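# Geometric and topological summary
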Amino acid sequence: MKKLKNTLFSNKPVTIDENSLIMAIESSCDETACAIVRGGREVLANIVASQIKIHEEFGGVIPEIAAREHLEAVNVVVDEAFKQAGVTANDITAFAGTVGPGLVGCLLVGLNATKSLALAYDKPFIGINHLNAHISANFIDTDLEPPFIALLVSGGHTQIIDVKSYSELEIIGETIDDAVGEAYDKVARLIGLPYPGGPKLDKLAQEGNPHAFKLPEAKVDGYNFSFSGLKTAVLRLVKSFDGQELPTADICASFQECVSSTLLKKVKRAAEERGYKQVVLAGGVAANSEIRKKIFDLKDDGYNVFAPIMKYCTDNASMVASAAFFFDKTFDNIDVEVFSRVK
Ligand code: KG4
Ligand code: ZN
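Bear in mind the structure is a predicted one, so any value in this text is a computation, not a measurement.

The rules we used
- Residues numbered from 1 in each chain as written.
- Chains lettered and ligands numbered in written order.
- Predicted model: local features only at pLDDT ≥ 70, side-chain atom pairs only at ≥ 80, totals over all residues.
- Heavy atoms only, no water.
- Donors = N, O, S within 2.8 Å, 3.2 Å for Na, K, Ca; no water.
- Helix = DSSP H or I, 4+ residues; strand = E, 2+ residues; numbered from the N terminus.
- Buried < 20%, exposed > 50% of the residue type's maximum accessible area, 1.4 Å probe, protein only.
- Pairing = 2+ DSSP bridges.
- Axes fitted to C-alpha atoms, helices over the stretch in contact; angles between N-to-C directions.
- Contact = heavy atoms within 4.5 Å.

### Concerning the coordination of the zinc ion (ligand 2)
Here the zinc ion (ligand 2) is held by His 130 (NE2), His 134 (NE2) and Asp 315 (OD), and the distances to it run 2.0 to 2.1 Å. One chain supplies every donor for the zinc ion (ligand 2), spaced along it as H-x3-H-x180-D. Of this pair, His 134 sits in helix H4 (residues 130-136) while Asp 315 sits in the loop between strand E12 (304-306) and helix H10 (318-326), and the two are 181 residues apart along the sequence. Take His 134 and Asp 315: they sit in the same class, and that class is buried.

### Some thoughts on the sheet that holds strand E7 (residues 125-129)
Strands in a sheet are paired, the pairing made by backbone hydrogen bonds, and the direction either parallel or antiparallel. Spatially, five strands are ordered E5-E4-E3-E6-E7 in an open sheet, and the strand pairing comes out mixed. The open sheet has two edge strands, strand E5 (42-50) and E7, and neither has a second partner. Pairs of neighbouring strands in the sheet enclose a mean axial angle of 20°, with direction left out of account. As judged from the four bridges shared by strand E3 (residues 21-26) and strand E6 (residues 94-100), these two strands associate in the parallel manner. Bridging across to E6, Ala 24 finds its partner in Ala 96. Its contacts with the sheet put helix H2 (residues 63-85) on E3, strand E4 (31-38) and E5, and the angle it makes with E4 is roughly 25°. The strands touched by helix H3 (residues 104-120) are E3, E6 and E7; relative to E6, the strand with the most contacts, the crossing angle is about 160°.

Here it is as structure tokens:
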């Protein structure tokens, strides 16, 4: 039972417990999403409006267009979520919204919508860190509890996090250049795949030989990573074909093998050295077939392994509601601001 002090949105004392309904809105990049989750683990509604089709023609997310699209979609996804869950705003215990990291113009849309709901219905508001939200996707429909080691791989971040408890998360490793999702999208573009290339590259990789080309694994200290050298190596490999037909599937499979084995080596070492028996995969790239396979192989070494089901890997609001319940549970003031990068 958590009894939390309310700061501004409502003067009523509010208790967050297993029966609490949290409504969350996510709009940090190119998905406008709204969800209602009971007790941090049971999803009553999960609505996602994706902008992929709109950004496809530009080969990436255009922030101004994305923000405008969020404005168009936000009321629709909120209405849909209430309908799907069969509850009204008065039934909601608290409202949660992503405050960062992400695209500022996009975050502002979701944040202001969430704040407005909290004000209008006299309920508390909880600002959520997008990275905590990705990790929290693993609490949905499971009995996962800290401590565990999390491998967070998304379009903007690549981190190994020591989740010691619900209130103590330590980033023990991260990329010194490209994020994994970014590397996937850039390599995909190099070989002519449309945005977002990550999932398409993954699909092609499954038809190729992962040992066709030996690609370099960056030697980086501790639990840190580097993927920009690998991207350059793929560029060199592509150029070496000098206009001839590319063995695309073999290139994808070799790239995927290099990325997944690099990630797994470090996450396994982190779990061993920290003495944990639970390993968790999170972020949009957690949808990747080979990274999932390799992390689930850790079960053979006696680890409990968690990865979100596909729809909770990429950006969604259920994970935001779950993070409000487990991680970022402090009620925020109305003046809470968005941020683009991890502080
Ligand atoms: O977490 P997310 O939805 O957005 C961020 O917070 O960044 O992650 C999106 C990233 C994109 O780079 C996308 O290409 C990548 O996740 N991604 C994948 C796969 N599915 C999504 N990368 C590799 N394999 C996949 N199956
Ligand atoms: Zn994300």
